[in-house]
Structure formats: C-alpha cells, structure tokens
Number of protein chains: 4
Amino acid sequence: MGTRAAIAGASGYAGGELLRVLAGHPEFEIGALTANSSAGTALGAHQPHLHPLADRILAETTPETLAGHDVVFLALPHGQSGPIAEQLGGDVLVVDCGADFRLADAADWEHYYGGAHAGTWPYGLPELPGNRERLRATRRIAVPGCYPTVSLLALFPAYAAGLAEPEAVIVAASGTSGAGRAPKPNLLGSEVMGSMSAYGVGGVHRHTPEITQELSAVAGHPVTVSFTPTLAPMSRGILATCSARAAPGVTAQGLRDAYADVYAGEPFVRLLPEGQWPATAMTLGANTAAVQVALDERAGRVVAVAAIDNLTKGTAGGAVQSANLALGLPEAMGLTTIGVAP
Amino acid sequence: MGTRAAIAGASGYAGGELLRVLAGHPEFEIGALTANSSAGTALGAHQPHLHPLADRILAETTPETLAGHDVVFLALPHGQSGPIAEQLGGDVLVVDCGADFRLADAADWEHYYGGAHAGTWPYGLPELPGNRERLRATRRIAVPGCYPTVSLLALFPAYAAGLAEPEAVIVAASGTSGAGRAPKPNLLGSEVMGSMSAYGVGGVHRHTPEITQELSAVAGHPVTVSFTPTLAPMSRGILATCSARAAPGVTAQGLRDAYADVYAGEPFVRLLPEGQWPATAMTLGANTAAVQVALDERAGRVVAVAAIDNLTKGTAGGAVQSANLALGLPEAMGLTTIGVAP
Amino acid sequence: MGTRAAIAGASGYAGGELLRVLAGHPEFEIGALTANSSAGTALGAHQPHLHPLADRILAETTPETLAGHDVVFLALPHGQSGPIAEQLGGDVLVVDCGADFRLADAADWEHYYGGAHAGTWPYGLPELPGNRERLRATRRIAVPGCYPTVSLLALFPAYAAGLAEPEAVIVAASGTSGAGRAPKPNLLGSEVMGSMSAYGVGGVHRHTPEITQELSAVAGHPVTVSFTPTLAPMSRGILATCSARAAPGVTAQGLRDAYADVYAGEPFVRLLPEGQWPATAMTLGANTAAVQVALDERAGRVVAVAAIDNLTKGTAGGAVQSANLALGLPEAMGLTTIGVAP
Amino acid sequence: MGTRAAIAGASGYAGGELLRVLAGHPEFEIGALTANSSAGTALGAHQPHLHPLADRILAETTPETLAGHDVVFLALPHGQSGPIAEQLGGDVLVVDCGADFRLADAADWEHYYGGAHAGTWPYGLPELPGNRERLRATRRIAVPGCYPTVSLLALFPAYAAGLAEPEAVIVAASGTSGAGRAPKPNLLGSEVMGSMSAYGVGGVHRHTPEITQELSAVAGHPVTVSFTPTLAPMSRGILATCSARAAPGVTAQGLRDAYADVYAGEPFVRLLPEGQWPATAMTLGANTAAVQVALDERAGRVVAVAAIDNLTKGTAGGAVQSANLALGLPEAMGLTTIGVAP
C-alpha cells in the first residue's frame, strides 16, 4: 500500500526538503534514509524540524540500503549518483537531484565537472515543451539545478515564441541553502548576514551549460548565456533577473500574451498581475514560481524576472512533481502552492 | 459539505496565516474574507504567497459579511472582536485571535488595555490541564497571545508539578511579524535587520497578566511574572527563556521526568533530547513547540526554553487546533508538525 | 575655526550618515541640523547611534536655518533641493544628495521625475575622467545616486578603454536603507527579511538615465542601459553585476590591465586580486568600492561587479569626498577606507 | 614615534576588529600580524574590509614574531595566551582578549575551562569601581568576555547602590561573530538566519563565573547568577536583559538616579532617556553601551537592559580603552562613540 521511497543524502538540505515534501504526500511511504558521514545517527540531530521523523536512524548510502523501494531519490554530491544508479533495477524510479545526468554533451560535462560523463536522463522540468510526455514514460529523472529551474521559467516563453535574440543575460541571487550544508568559512552566518556577494562570475558556474542547453532546445537554435550567481543574506529562495535583446517587432502586449499563454494552465507557475514583481517570499516552502515580464523599450530588451524556493520548486518539490508524472499520479499531488509568509 | 469558515482581518499577518492553515485543512471551506481599509482589493495584493486565493476580493468586516458561516475566525486589533462577536449567533463557532476575551480579571483588562472588559472565553491552549474538555464544549474560543503560548509551554509543567517557586522570569525574543503589518518606523527592515532591541520592559507588556493568570491557575497559587519581550531580526518565531527558583529538593532528573510525563502524549510539543536546545527554525510554519529544561544547580534555578512559530502555534495553528476540538474533529487535523528549514 | 556645515534632512538615513561622516572629519564643525516633520525633536530620537549628537534639536528646513554656514548638505526628497538652493548664496558650497541637479537633459528629468528641471551641477563622482577638475572649481555639487555610483565604478573603465559594446546590462541588489525611512508596508522588516524582490523593472527606475548619461559621456558615444534594481534583505550595501558584449579582440588580460590602470591611484576603489569577488560586507561603513572584472569567453561578454555601501560611498561619503575637493582639502580627509565586518 | 602594536590572531573576528580600531587610532602603529593555520597568507584573504592592510602577510604566532613591540594584543583561543604571555617581557603591555587571566578562582577555571589556571590580571572594564586605577598601573590586562561586559554594565550600578537582591537573572542574545570564525554546521548562515536559539543553558556557559565574580565584588557579598546565552540572527551585537528582585524600599526614581550618577561621566556608556530602550543597532561599530533600567513594581524586580557591539566595546574597543589607560593616553583616544546605522 503506497509507494515506498528511499532518500539518499537525508542529512543534507536537499534531502531534508525531500523528506518534508514526501511526509506531506498522500501516496508516498518513507523508507530508507541514508547518509555518508552521519550514518548511524538520528535524523533529528540534523533535521530537527522534521519532528515526526526525528528518531529515524540514518543508514549508510549503499545499493543495498536503497534496494527494495519503488522510488529512490538521490540527493548526493555530483559524481556520486552515477555509480549508485547503475546498481538500482531498471523498474525502480530513480530521481537524481544531482547534476550527473542533466547534460547531454559529454564535453560540457568534462569542462564543468570533470571526470566521466554518466549519461543523460529526461529533464525534470515538466513546464518545458515536450517534457511531460518524456517524464510520463521514464524510470530515470534528472532533476534540474535550482538556477536553471528559475532561469528557464523566466525566459523560455520568450524563446519559445521567438521574441528574444539569442544572447541571454542572467543574474540570480540565491539563498545560502543552495550552497549546501558542508561548513565553509564563507558560508558562516557572520559572513553572509548583511552582505550580498558575487561568485562563479564569467561563465564558470556549472549551471551555465545546463541553462544554455535547455534554452537552445526551446529556441531551436543556439542561445548563448551569460550567467552570474550571487549569494543573498537569506536561507532560501532565488530571484533571477533575465534579459535579452527583443526580437524585431516585439510589443509589450505581445510579450505578455506569450507568457500568459504558456502559463495559463500551469499549476505551479503564476504570471503575476501587471505591476506586481516577484519576491522570493511569495514562494517560500511552496512548489511555485512567480514570474513577471516587461519590455524595456528604451534599451530594446525583454526583461523577465522569476522567483522560486530553491529547495522546493528548485529541488525537492520539482523532483516530486516529476516523480508524480513518472508514477502516473496527478502531477500536483502532495505539492503545495501556498508559501510561508511573511 | 465541509465546514464553512470566514476570516475577519484577512489582509494582516494573522489572517494570512489562518488562510494558509485552513487552505491545507481537509475539513474547512474558505468563505468570506474581510478587511477594513483593504476592503475591495484582491487578496493577492496583500498575501501574494497564497497563490490559489490570490484573486479573492476582500469584503468589509461587518456582522453581515461574516454571517452564514459555521466558524468565524477573528484576527482583528484588540477591542474590535467584542462588538463583532456579540452579533454572531450562539451556534456559530467564534475563534478570537485577539486579546478581548483572554483575561478573567476586568481590572487587569482595564489596566493593560483600557476600555470595557468584553468577557472571558475558554482559553485556546489545549495543552493546559483541563482545557481540552472546556474547548470541546464551547462555541467561543479565546486564542492565547503568542508570548503566553510559548512561555506557558515552557514553564507550566514545572508549576504543575510543584517544582518551581512562584516568581517566574521570562525573556522572549520575537520575530517582527508579531508586531503586525501596520507600517511603523521602528519596524522598517532597515531598523530591525542586524539588531536586537528591547521594548515593553518593566512589566508593561499586555501579555504579562495573561501569563500570570494561567501560570497561577496551573500552580494553584499566585505566581508573579517578570516578562520582557525583545524584537529579533527575523520575520517569524519566538524563543522564550524562562526561569524560576527551584523548589526545595528538585533534581535534574525529576525535572526532566515531569516534562516528559506532561508532553509524552502531546501531538504538537516536542521535549527535545537532552543536550539539544530549542531554535525557532525547528518550528517555522509548523504547529509545534520545541521545549527543553535544565536545572542550574549553582544558581538554584529551573531554566526552561521553548520555541514556536508565533504565527502558527502562536496564533493561527493554535486557533485551528482548538477549533478542531470544538468541532469534534481530530485535534491534529490539517495541522503540520513539520517545519520549513533551513 | 573649521568649516561650518549645515545638514538639511538630518532625521533621514542619508542625513544620519552625513552626520556620522562629518563627526569624524577633522575639518568640519556641525552646525544647523534641520528636518521637516521631525523639527523640534531631539536628534537622538531618530538617530540614537549618533551618541554625542543625541541632544541636538532639529530645526525646520528653511533658507534661514541653513544660512550662515560654509557648506550646506541637502539630503531631501527630489524636487525640494532646487528651491532651497536658489536662496543660498553663491559663495556657500551646496552639496545636493538628491537628484535635482544630476541630469543634463531636461526631457530626461521630465520623463523620470516630472516637473520642471532645476539645472545641472558638476557630478560628484571624482573617479570619472575630468571630474576632479570640475569639482575643485565649483560651489555646487550634484552627488550621484547610489546605483549610478556603483554601476559606473564597475563599468566605466571598460567604456573608457573601448573594451565594451554600447549596450550595458546592470542588475543591482540594494539594501533597504536606499529606499529611505518613510514607513511603507513593503519595507517592513517582516516583508524584506528572508526575501529578494525586483522592482522598477523594464527601464523605469529613475537612476537609469543618470547611468546612461555618464556611461555615454565616458564612452564618447551613446550607450544604452538596461538597469534592474532588486531589494536585498540587508540594511546597507549595493552589489551591482554589470555586463556588456566585449569589443572585438578584447582579452582577459587586456581587460584586467585597463581596470588596474584606472584604479591604480584611486584612494577609494580597490580592484580585488584575481579570484576574489566583491561582497558588500567588504565596504560597510567605508567610503570604498570593491571591483572585479572578468571576460566570459563563451558568452563573449565583459562582466564587472562592484560593491559599495549605498549610504557611505553611495551617498554621504561620496558627498564629503567631493566637498573636500571643492574646499581645497585633501580628497580623502576624514573618510575611512576600513569597513565594519563581519 | 608612535606605539608599536602586534596582534596575535589577526585572521579571526576579534583580531580583525582590533585592527579596525587600531588603524583609526592616532597613537598606534600596526606591527606584526600573526595567525596559526593562516600564517603565510595575505590579510586581505581573511579581512577584505581592512582595505589598506590587505597586502600584509600573516606571520606565525610565536614569541619571536611578537617580540619588539610596545603592546601585544592577544586574540587567541582560550588556553593559548598563557604560554605566549610568559615569554613576553615585563615591560611590554600585554592585552589578552581571551579568557586565560580573567578568573581569580582556580577552581572556577578548572570547572569551566579545564587545565591549569594561568593567573589573574587586572580586569579591563574601566567602568567598574577601582578599575581605572588598576589599569593605569599595569602591564597586563585581561579583557572581559563580551557577555560579562554587557551584563555588568547593565547590572553593576544596581548592585553598587545596594538596590538589588543577590540573585541575578541574565538572558542575552548575541550575534554570531561571538562564536568565532571556525566553521561549524550550527553557525552556517542557512542555520542562523531567521532563527533564534538557546545554548549553554543551565549555568554551563563559561562567562557565568566571570559575571558572578565581578558582580559579587561590586556588591561586596556573593551574588548568584543565572545566565542564559542565545544566538540571534545577526553578525554583531549583544542585547542583555537582566533582572533581580528589588531591595526593600527601592523606587523607580531612586533606581534611575543611581544609574544616572554612575554613568554621568562615563564616555562610553549612555543611559538612554526614559522611554527609549536599547537596541544593538545603536552601538554597531562603536565603543559604546546603551543602557536603560526600570522597576517592575508588580513583579518586584529591577530590570536593566544593555546593548553593545560584542566585537567593539565587547572585545577590541574595550581592549584599546584599557590599553589607553595603561599607556597613559587619554582613555577615549581613537575610539568612536558613533555607531553605524541603520
């Protein structure tokens, strides 16, 4: 009875969010929780907010502990999902929140991540054209990165409708949970509170080729992407400010109509009323994206802004949304569209 | 089909949280949403995180707009609930998140709030001795203040077991949402970020007589309370640090046992494992309290600390918990015990 | 003995920062402090951090209260400086922290601000080519906006050296003090903490024509600017992420050399070592800018990032730096290059 | 020419603040900067806000690198100052920001810190009775802990005047910089932002015996102290809420007069006007304390609240204030009383 799910990497932020989402899902039963260095300790020592699961003991992340489940969610550092996934049966639904199976081009993988390319799985962003069909027919899902999720939701309608020139500029501000839980000096509260900082500037961030790949696919021709991530003094959320030169003849109304058409039926994307702009607080803890778009007529650019919760729609909620599709469940099952604010 | 609920004060923080909780509750159907100065505008302009309710229009707060519902939740400034409640039928469940019906002593009301005392309703903190029975038999509920909720959950087991002397000292740090949504200079982000401040010092805060009343009732004799609220640079959450001189003969183990006994069966209060101390992040968005207690043998004091989300367990979640009891529903229905972290 | 300075608008954030800077300046003596609605109250009620000035009483902002000073600093809402300045003698140094005298094009003023254009004064960003000479010879200074300050310091060396194509894209994240002290619901701590939001999107922000004007002047030909401001959960600081298509033949080394040449002798701008990227915390409370630049060879863009404290280098410190020049004092007198961190 | 100062532990938060204060001090010349694991790297990699010192290279912390200076400031983990200090000449002024020489009672040292007691040096809180004389005559200074500094400034006037009973209750909220720079999971920005947490509850925090020792000395009889530290979501600042039962016959006016008398001539302590309560933002970056006191007549308690910047008045500023005295310089030299706000 129910669908039994294992979570590998349950002591980290992505793993914790997966547990939060799955614990509120009517179909899933939470099975094995695994970790690496924290194996043998109680979940409550790492995730005290997961009150009803606090006494669960973390197992070691091995193919054996993950065996015997209907779904396995992998929330592991990049490079670790590939070897694990190989040993899981082909009938098991494997949902990888890491980067291992996102990129189609092995050269991109090697350039940005190094090491051997593990392969390419269907891309778990159901909103992109054609993806729902692919996700309904797969046992393997590559969950998008958090920056790609928000950037693509901001920009893809413009490229799908041919309204933007093929040079996109994206500046995104992320909460610190996107950097994970491993303690590093620059992620200390004392360092990040009260401060905005840039990092991974100049096209070197690993999410760059992923955004490039998906925008190009939507556009039907190569799109170059200038992507700059910044770190914001907040735990959760990403705000992406995206722009591209407007294609000839684009009007403000035509732009808005294109976005309204694409997002009319989407359960998790809200095109805001004109005059209201996205804030990450609109989406905290929800599987939603808030999107707005404008035409800057003086500068001749389409400017689109989107906000998500990097851990929910950007990771765990998006993973469950895609898993719902692969399992033949209603896409929105167990996923809230109501954020926690203020 | 379903229980129809109206929310008065839907544009404020307490009202927004009531909507968040009720929208996830399987039994309630959300009826009229009312406001004062925001009447006539869409909810989404004030509560953009409540995505599926964004297009609902706010009505004016009058007995007429609130009529025809099974439950009316009042989230109004103090002094406004009394007149409204008088005009609602006796068979309607009225749940007042304001202060109007919390105090039993009219002199306390006049001293701390001024004006005429509206009356006294059953106190919506089910965890206190005898309260569940009272709440199951009422059509009128006075939801506790947020500071009293967290302070009482921290301290009442010690007084119920006779382990603490009758002079309690409470210092609590609250997020800014507790101060409401009316814009005041001292609540600007620029003022509160990066700063802790004290206010209402010296026994003048209005929650002082409420805490005193309930602790005294639990103890069976008068307890004096020194209560100091402070404002913390966060939106949600209260951490209360409470202490009292230990009664003669109290041991650390006896103290812990008393708390373990009281909270063993409680669905929403977690006595943390020894060595783990409450953080408000454990409870964000959840209807839970995290509690810990210690005996300071050098100073001879019982020290108890509790954390809640002021808007959830401290207001809207607590309100729904009590309403569940009054409606004969399972007490925990529709209320999550899983917080949003990090 | 000393230079007597009056500050109009002393109860606001810019005024408070002017006082902080002037109080530590060996040459200035603080004269009249004026305000509008706060006239008659003690400064300490508004600026309790200005300990030694706490008992000073605010006068009303009139030409009379501002008369009899060597320097008048105006920290007033836009549109109010013009009328005041007219009535101050031509020998008084008037330093306007507002927008009234920044724009050269009356049509720009009318489009972005409305009303009559007050005129154009020398632009108080000494780092721009030719500005030091102009500032040394003037009694009237238009202090740049905070966003223009940081954006120009990030980008102008690329345009001065002909290394960037004339379409600049700027996304900047500002602390909330940039929005001033008037209480508005969207600036409440509860709203801004934990959230990034966009505003003024699509070229409508008033700092857009100012950035355009100055970049075009440096480049020697028209530059279009796509500028998007965002609000970050912090009180102070701006991080600007700026990019433009690289001119043909630009190399990473050539780019870096151009910045190094421009900033080699600048007392307040630090081109960070390669690999280190700006954070606003590097500049908090200091009159400094931290700058870094990279060439994104895949996307073909110059990417420059700068951080400042919006109230110090972005307003009050910049104002004093320019005033030092106009008064024949050492440019760096009284201005710290050491921030407050962490 | 000038007084040459070495700083041991220059890569940490206390060391960075010492450098910030000393760089603005007209008498000190900054000599050797030392570190442990960061030895050999540039200061700018750790303290990028110290712009003019960014290229200074950190030496190893040894008696040799610290030799040849007039003053040595030690900002080292507890237990490390003792061995170093032994090898510095008796004519060198040694200012220890660590705990090694604060406690008079070796048993207290062993209980709270473990290991051998290094000794007792004059206590660097000039505001306490008799301390200025001791500090003027010493070559060895034990800088108080940050919590003791703020707690003592809040409470000692009440004890000095005999207005409080000998059981003090202190709850203090500290910014995260007080916990230092070593990366630990619980100090990550993701964990601390948006959250208040308790730690060291029940009398186990190491600053407890220090507060007890000094309050007892001021009172002239033993005072017990219940001290609970909490962690607030901010980088700097401590707010201490302190109370004790009022002695018989105490009046509100008598209480206020006692504080006004004690603090009338103090350059760094501001007793706020009645009705204004301390906020840490009043003191950020300044060597000041903001203090307020009230009598809670219902509860019969004296309640005193104080705010400081834990790194400035609580560590580095306090250290320089005491060093000024020991060197025969004006006590306030080089120390600002103006905070950075908002």
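Refer to the structure printed above.
Note that the structure is a prediction, hence the values are computed from the model and not measured.

## What about the overall build of chain A?
Alright, step 1. Counting its regular elements, chain A contains 10 helices and 13 strands.
Alright, step 2. Against the 2.2 N^0.38 benchmark of 20 Å for 342 residues, chain A shows a C-alpha radius of gyration of 19 Å, consistent with a compact globule.
Alright, step 3. If you line up chain A on its principal axes, its C-alpha atoms span 60 × 45 × 40 Å.
Alright, step 4. The buried share of chain A, taken over its 342 residues, is 66%.
Alright, step 5. Taken as a whole, chain A presents about 10,400 Å² of accessible surface, with 53% of it coming from carbon and sulfur.
Alright, step 6. Each charge class in chain A can be summarised by its mean position, and for the 19 positive and 29 negative side chains these summaries are 4 Å apart.

## Structural notes on the packing of aromatic side chains
Alright, step 1. Under the counting rule described, the total for this entry stands at 24 aromatic pairs over all chains.
Alright, step 2. When the centroid spacing of 6.0 Å and the interplanar angle of 90 degrees are considered together, the rings of Phe156(B) and Tyr263(B) count as edge-to-face. With Phe156(B) in helix α6 (residues 146–160) and Tyr263(B) in helix α9 (residues 252–263), the pair connects residues that are 107 residues apart, well separated along the chain.
Alright, step 3. The class for Phe156(B) is buried, based on a relative accessible area of 2%.
Alright, step 4. Residue Tyr263(B) is classed as buried on the basis of its relative accessible area of 4%.
Alright, step 5. An aromatic cluster is present here, built from Phe156(A), Tyr259(A) and Tyr263(A) joined pairwise through their rings.

## Some details on the relation of the copies chain B and chain D
Alright, step 1. The transformation that overlays chain B on chain D combines an axial shift of 0.0 Å with a rotation of 180 degrees, and the residual RMSD is 0.0 Å. Taken together, the rotation angle and the small translation identify this as a two-fold axis.
Alright, step 2. In this assembly the copies share their binding face: 100% of the residues contributing to the interface of chain B also contribute to that of chain D.

## Observations regarding the side chain of Gln47(B)
All names here are of chain B.
Alright, step 1. With respect to the helices, strands and loops of the structure, Gln 47 is situated in the loop between β2 (28–35) and β3 (59–60).
Alright, step 2. Of the polar contacts made by the side chain of Gln 47, one reaches the backbone oxygen of Ala 10; its length is 2.9 Å.
Alright, step 3. A polar contact is formed between the side chain of Gln 47 and the backbone oxygen of Ser 11, at a distance of 3.4 Å.
Alright, step 4. Aside from chain neighbours lying at most four places away, what touches Gln 47 is Ala 10, Ser 11, Gly 12, Gly 15, Gly 16 and Arg 181.

## Let's talk about the pattern of salt bridges
Alright, step 1. Evaluation of the coordinates by the stated rule reveals 50 salt bridges over all chains.
Alright, step 2. Arg256(B) is the salt-bridge partner of Glu274(B), the closest N and O atoms lying 3.8 Å from each other. Of this pair, Glu274(B) sits in the loop between β11 (269–271) and β12 (289–296) while Arg256(B) sits in helix α9, and the two are 18 residues apart along the sequence.
Alright, step 3. In this structure, a network of salt bridges that share partners links the residues Glu17(A), Arg20(A), Arg236(A) and Asp309(A).

## Things to note about the interface of chain C and chain B
Alright, step 1. Facing 19 residues of chain C, the contacting portion of chain B comprises 19 residues.
Alright, step 2. Both faces combined, the contact of chain C with chain B buries some 1,400 Å², and carbon together with sulfur accounts for 57% of it.
Alright, step 3. Sorting the residues of chain C by area buried against chain B places Leu188(C), Ser190(C) and Met193(C) first, and these three jointly supply 40% of that buried surface.
Alright, step 4. Connecting chain C to chain B are two salt bridges.
Alright, step 5. Residue Arg181(C) is joined to Glu191(B) by a salt bridge in which the shortest nitrogen-to-oxygen separation is 3.4 Å.

## A word on the interface of chain B and chain D
Frequently, the measure chosen for interface size is the accessible area that the parts lose on association.
Alright, step 1. Facing the 44 residues of chain B at the interface are 44 residues of chain D.
Alright, step 2. Both faces considered, chain B and chain D share a buried interface measuring about 3,500 Å² in area, 60% of it formed by carbon and sulfur atoms.
Alright, step 3. The largest share of the area that chain B buries against chain D comes from Met196(B), Val201(B) and Arg298(B), three residues that together contribute 16% of it.
Alright, step 4. Counting every contact that joins chain B to chain D gives four salt bridges.
Alright, step 5. The closest approach of N and O atoms between Arg245(D) and Glu167(B), which form a salt bridge, is 2.3 Å.
Alright, step 6. Joining chain B to chain D, the criterion identifies 14 residue pairs in polar contact (both at pLDDT 80 or more).
Alright, step 7. When residues of the side of chain B that touches chain D are traced back to their parent elements, those giving at least two are α4 (106–112), β7 (167–174), α7 (189–192), β8 (197–198), β9 (224–231), β10 (238–245), β12 and β13 (301–308) of chain B.
Alright, step 8. The element best represented in the side of chain B that touches chain D is β9(B), accounting for five residues.
Alright, step 9. Broken down by class, the residue content of the side of chain B that touches chain D amounts to 22 nonpolar, 14 polar and eight charged.

## Points about the environment of Gly115(C)
Alright, step 1. For Gly115(C), the position within the fold is in the loop between α4 (106–112) and α5 (131–136).
Alright, step 2. Spatially, the C-alpha atom of Gly115(C) lies 27 Å from that of Val150(C), the residues being 35 residues apart in sequence.

## Observations regarding the sheet that holds β3(B)
Residue and element names in this part refer to chain B.
Alright, step 1. Spatially, the six strands line up as an open sheet ordered β3-β2-β1-β4-β5-β6, and their pairing is parallel. In this open sheet, the two edge strands, each paired with only one partner strand, are β3 and β6 (140–142).
Alright, step 2. Pairing geometry for strand β4 (residues 71–74) and strand β5 (residues 93–96), over four bridges, is parallel. Residue pairing in the sheet places Val 71 in a bridge with Leu 93 of β5.
Alright, step 3. Contacting β2, β4, β5 and β6, helix α10 (residues 312–326) runs over the sheet at an angle of about 160 degrees to β5.

Conventions used here
Residues numbered from 1 in each chain as written. Chains lettered and ligands numbered in written order. Predicted model: local features only at pLDDT ≥ 70, side-chain atom pairs only at ≥ 80, totals over all residues. Heavy atoms only, no water. Helix = DSSP H or I, 4+ residues; strand = E, 2+ residues; numbered from the N terminus. Rg over C-alpha atoms; globule rule 2.2 N^0.38 Å. Buried < 20%, exposed > 50% of the residue type's maximum accessible area, 1.4 Å probe, protein only. Areas by Shrake-Rupley, 256 points an atom, 1.4 Å probe, with all protein chains shown as cover. Lys, Arg positive; Asp, Glu negative; His and termini not counted. Charge placed at Lys NZ, Arg CZ, Asp CG, Glu CD. Phe/Tyr/Trp six-rings, centres within 6.5 Å; stacked < 30°, edge-to-face > 60°. Least-squares fit on C-alpha atoms with pLDDT ≥ 70 in both. Contact = heavy atoms within 4.5 Å. Polar contact = N/O pair within 3.5 Å; in protein donor to acceptor, adjacent residues only side chain to side chain. Salt bridge = Lys/Arg side-chain N within 4 Å of Asp/Glu carboxyl O. Buried area = accessible area lost by both parts, 1.4 Å probe. Nonpolar A, V, L, I, M, F, W, Y, C, P; charged D, E, K, R; others polar. Pairing = 2+ DSSP bridges. Axes fitted to C-alpha atoms, helices over the stretch in contact; angles between N-to-C directions.

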